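# Structure assessment
The lines below spell out each chain.
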Amino acid sequence: MSDDYPKSSNVETLFEIDREGKDVIFRHVIMDDPSNPLTVEYAVDADFVERISRKKSLSIFFVDESFNKEIEIRITFSDDEIRIMRREIGLGT
């Protein structure tokens, strides 16, 4: 839930992966306003990465305080991004 969401569903996104202790963190930087991009960050596990490996995409929903959908951003992962995700979570390529 956020009161800050992208102005368009067709925007460039940058993908980052980090480790925080034992957790693997995925981050999408949504470049709707390059001077003030939005960041969506979440911890992932092996099951999540397996599902993403099959689907090769992810939908992010931005909702208001009443959980009404304001906008949806669909992110498609490249084969290279999927290989990196699998390696980081310990699933190999």
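A short tour of the structure in this document, coming up. The structure presented is a predicted model; accordingly, all values stated were derived computationally and were not measured.

Rules used throughout
Residues numbered from 1 in each chain as written. Predicted model: local features only at pLDDT ≥ 70, side-chain atom pairs only at ≥ 80, totals over all residues. Heavy atoms only, no water. Buried < 20%, exposed > 50% of the residue type's maximum accessible area, 1.4 Å probe, protein only. Helix = DSSP H or I, 4+ residues; strand = E, 2+ residues; numbered from the N terminus. Arc of directions from axis to C-beta. Contact = heavy atoms within 4.5 Å. Pairing = 2+ DSSP bridges. Phe/Tyr/Trp six-rings, centres within 6.5 Å; stacked < 30°, edge-to-face > 60°. Axes fitted to C-alpha atoms, helices over the stretch in contact; angles between N-to-C directions.

### Quick look at helix 1 (residues 46-55)
In an α-helix, one turn spans 3.6 residues, which is why side chains three or four residues apart end up on the same side. When we look at burial in helix 1, the residues that qualify are Phe 48, Val 49, Ile 52 and Ser 53. Along the long axis of helix 1, the arc covered by the buried residues comes to 140°, so they all point the same way. Structural note: helix 1 exposes Asp 47, Arg 54 and Lys 55 on the side pointing more than 90 degrees away from its buried face. Next to the buried residues of helix 1 lie strand 2 (23-30), strand 3 (38-44), strand 4 (57-63) and helix 2 (79-89). Downstream of helix 1 by a residue or two, Lys 56 has a phi angle that is positive, lying close to 65°.

### What to know about the pairing of strand 5 (residues 69-76)
Summarising the sheet, strand 4 and strand 5 pair through seven bridges and their orientation is antiparallel. Counted as the bridge partner of Phe 62 is Ile 71 from strand 5. Between strand 4 and strand 5, which follow one another and run antiparallel, lie five residues, and Phe 67 among them has a positive phi close to 65°.

### Examining the packing of aromatic side chains
Here a ring pair, both rings aromatic, is described through the centre-centre distance and the interplanar angle of the planes. This model, assessed by the stated rule, comprises five aromatic pairs. Between Phe 15 and Phe 26, the ring centres sit 5.2 Å apart and the planes meet at 85°, which makes this aromatic pair edge-to-face. With Phe 15 in strand 1 (residues 13-20) and Phe 26 in strand 2, this pair connects stretches of sequence that are eleven residues apart. On the basis of relative accessibility, which here comes to 0%, the residue Phe 26 falls in the buried class. Plain terms: the ring middles of Phe 26 and Phe 48 are 6.2 Å apart, the flat faces sit at 65° to each other, and that makes the pair edge-to-face. Remark: Phe 48 occurs in helix 1 and Phe 26 occurs in strand 2; sequence separation between them is 22 residues. Grouping aromatic residues by their ring pairs yields a cluster made of Phe 15, Phe 26, Tyr 42, Phe 48 and Phe 77.

### So, the sheet that holds strand 3
Spatially, three strands are ordered 1-2-3 in an open sheet, and the strand pairing comes out antiparallel. In this open sheet, the two strands that pair with only one neighbour each are strand 1 and strand 3. Here the strands of the sheet are splayed against their neighbours by 20° on average, with no regard to which way each runs. Where strand 1 meets strand 2, eight bridges bridge the pair, whose relative direction is antiparallel. Among the inter-strand pairings, Ile 17 is bridged to a residue of strand 2, identified as Phe 26. Against the sheet, helix 2 contacts strand 1, strand 2 and strand 3, and its axis sits at roughly 10° relative to strand 1.

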